[in-house]
Amino acid sequence: MSKLTDINYIKSILSKHGFTFSKSLGQNFLVNPSVCPKMADLCGADDRTGVIEIGPGAGVLTNELALRSCKVVAVELDKRLLPVLEETLSGHKNVRVINDDAMKLDFHKLIEDEFPDNEVVICANLPYYITSPILMRLLEERLPVKAITVMVQKEAADRICASPGTRACGAISAAVHYYCEPEVLFRVSPGSFIPAPKVESAVIRLNILKTPPVTAKDEKLFFKVIRASFLQRRKTLSNSLSAGLSMQKAQINEALARAGIPANARAEEMTMQQFSDITDALYCGV
Ligand code: SAM
């Protein structure tokens, strides 16, 4: 067992550096010895595949990734963790820690600079306050990565991975399915972290698709249609699209009819193909 998952070791090293947890930075560190090895095993890291980690914290997952991968670049926003990471990861020559904000960092450049000859995967125990924006950023930028394996809140995991056309589907599920095939890998209990969060967590893997499952005529409009459809998920598509796209109901109903979709259908019943058909019908009509 790695020393890094020994709760007493972690506590002593953090207190030696005068570190206190910041709630606003989503700092819940993993101390369950089985979780990080499992994540690192399942994320696709190997001796030819580099890893980008977001938010290494005290380095517990970083350590497991470094053991399995040719190189790990870990992006940590909190400066106070740099001396901690220097100490906990001192045994690894293949780890680079960058002090930066993952919401602002140029990931394309990072991949070009750090992994010119390697395949890349992303693996992280994400700070929960930026789960959706960071995931959408990583996907929308179409980074040349094979997969994104992340720990998120259980509810977020279920929502992100829900298939379009099912009740659990939301705007993020539909958007995510455009870029990848998401899957829930395993659940993680609150007691696996210090401090323990109030909610359950889950590890998900987003297997990046080479081409999207549907080809709408206008990609921007496609995402607008998805967002508008789910804005008022209890309402009919006709109502939510009219409100969300600021268009006359008659115009929306005409487009829905052209797409072969009843005006009283709801967003959660739509498949990716149907969202694409609605987009094309609206595109022709505008
Ligand atoms: N990987 C560690 C673990 O599993 O124990 C820590 C995970 S903790 C949930 C999230 C980490 O992300 C913290 O270290 C926090 O400081 C860092 N973080 C928060 N916001 C960030 C951001 N915008 N960019 C990079 N790191 C961030």
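Every residue gets a number counted from 1 within its own chain, in the order that chain's sequence is written. The model is predicted, so local features are restricted to residues of pLDDT at least 70 and side-chain atom pairs to those at 80 or more, both for listing and for counting; the totals for chains, interfaces and linings are taken over all residues. To obtain the side-chain values, all non-hydrogen atoms of the structure were included, while hydrogens and water were left out.

(A) Region of the structure containing the sheet that holds strand β5 (residues 119-125). Taken in spatial order, the 7 strands of this open sheet run β4-β3-β2-β5-β6-β9-β7, and their pairing is mixed. The sheet terminates laterally at β4 (95-99) and β7 (180-188), the two strands that pair on one side only. The mean angle between the axes of side-by-side strands here comes to 20°, regardless of whether they run parallel or antiparallel. Any two strands with at least two DSSP bridges between them are considered paired. Going along the chain from the N terminus, every DSSP run of H or I of four or more residues is numbered as a helix, and every run of E of two or more is numbered as a strand. One ladder, built from 5 bridges, connects strand β2 (residues 49-54) with β5; its direction is parallel. Fitted lines through C-alpha atoms serve as axes, helices being fitted only where they are in contact, and the angles separating the N-to-C directions of these axes extend from 0 to 180 degrees.

(B) Structural view of the layout of surface pockets. Of the pockets and cavities examined, the largest pocket occupies roughly 270 Å³. Put simply, the grid is 1 Å and covers the protein atoms alone, a cavity is a trapped set of points that fit a 1.4 Å probe, a pocket is an open set with protein on both sides within 12 Å along at least five of seven lines, and lining residues have an atom within 4 Å of a point. K23, N28, A196, P197 and K198 are the residues nearest the centre of the largest pocket, which is lined by 13 residues in total. Residues are sorted three ways: Asp, Glu, Lys and Arg are charged, Ala, Val, Leu, Ile, Met, Phe, Trp, Tyr, Cys and Pro are nonpolar, and all the rest, Gly among them, are polar. Looking at the lining of the largest pocket, its residues break down into 6 nonpolar, 5 polar and 2 charged. Contributing to the lining of the second largest pocket are 13 residues, with L139, R142, Y179, I208 and L209 lying nearest its centre. Of all the secondary structure elements, the ones that give two or more residues to the lining of the second largest pocket are α6 (131-140) and α8 (171-179). Grid points are joined across faces, edges and corners, and a volume is the space filled by probe spheres set on the points.

(C) The arrangement of the site of the ligand in detail. Near is defined per residue: the residue qualifies when any heavy atom it owns lies within 4 Å of the molecule or strand. Taken together, 24 residues lie near the ligand, and L30, G55, E76, N125 and Y129 sit nearest. The contact in question runs from a nitrogen atom of the ligand to an N or O atom on the backbone of L77, over 3.3 Å. Distance and chemistry together define a polar contact, namely a pair of N or O atoms within 3.5 Å, with one atom able to donate a hydrogen and the other to accept it when in protein, and with adjacent residues in sequence counting only for side-chain atoms on both sides. In the model, an oxygen atom of the ligand is placed 2.8 Å from a nitrogen or oxygen of the N125 side chain. With the chains in place, 99% of the 590 Å² that the ligand exposes on its own is no longer accessible. To be counted as sitting in a cavity or pocket, a molecule needs more than half of its atoms within 2 Å of that site's grid points. Structurally, the ligand is housed in the largest cavity. When contributions to the shell around the ligand are tallied by element, the ones reaching two or more residues are β1 (29-30) and β3 (72-76). Looking at side-chain class alone, the shell around the ligand contains 13 nonpolar, 6 polar and 5 charged residues. Using the Shrake-Rupley algorithm and a 1.4 Å probe, accessible areas are obtained, with residue cover drawn only from the displayed protein chains.

(D) Spatial organisation of the side chain of H92. Of note, H92 is situated in the loop between α4 (82-88) and β4. Only protein chains enter the calculation, and the probe is 1.4 Å; a residue is then buried if its accessible area is under 20% of its type maximum, exposed if over 50%, and partly exposed in between. The class for H92 is buried, based on a relative accessible area of 17%. Contacts are assigned to residue pairs that have any heavy atoms within 4.5 Å of one another. With residues near it in sequence (within four places) discarded, H92 still touches N63, A66 and L67.

(E) Geometry of the domain arrangement of the protein. A domain assignment, automatic or from a database, supplies the domain bounds used here. Under the domain assignment used here, the protein contains domain 1 (3-208) and domain 2 (219-285). When two parts are put together, the accessible area they lose, computed with a 1.4 Å probe and summed over both, is reported as buried area. Between domain 1 and domain 2 the total buried area reaches about 1000 Å² when both faces are included, carbon and sulfur atoms providing 62% of it. Each reported salt bridge corresponds to a side-chain nitrogen of Lys or Arg within 4 Å of a carboxyl oxygen of Asp or Glu. Inspection of the domain 1/domain 2 interface yields 2 salt bridges. Across the pair R167 and E268 runs a salt bridge, and its minimum N-O distance is 3.8 Å. The tally of links between domain 1 and domain 2 comes to 6 residue pairs in polar contact (both at pLDDT 80 or more). The residue inventory of the side of domain 1 that touches domain 2, partitioned by class, reads 7 nonpolar, 4 polar and 3 charged.

(F) Examining helix α11 (residues 249-258) more closely. Along α11, the residues that are buried comprise I252, A255 and L256. Looking down the long axis of α11, one finds its buried residues gathered within 100° of arc, a one-sided arrangement. Seen from the buried face of α11, the exposed residues on the opposite side, beyond 90 degrees, are A250 and A257. Following α11 by one or two positions, G260 adopts a phi angle in the positive range, close to 75°. The arc in question is the one traced by the directions running from the helix axis out to the C-beta atoms.

(G) Highlighting the pairing of β3. With 5 of 5 residues buried, β3 lies mostly within the body of the structure. Of the two faces of β3, both are covered, the one formed by V72, A74 and E76 as well as the one formed by V73 and V75. Summarising the sheet, β2 and β3 pair through 4 bridges and their orientation is parallel. When the bridges of β3 are listed, V51 appears paired with V72. Seen with its strands pointing away from the viewer, a crossover is right-handed when the path leading from the first strand over the helix to the second is clockwise. Tracing the backbone out of β2, into helix α3 (residues 60-68) and back to the parallel element β3 gives a crossover that is right-handed. Judged from the 5 bridges that link them, β3 and β4 form a sheet pairing that is parallel. In the strand pairing of β4, V75 is matched with I98. Crossover β3 to β4 through α4 is right-handed.

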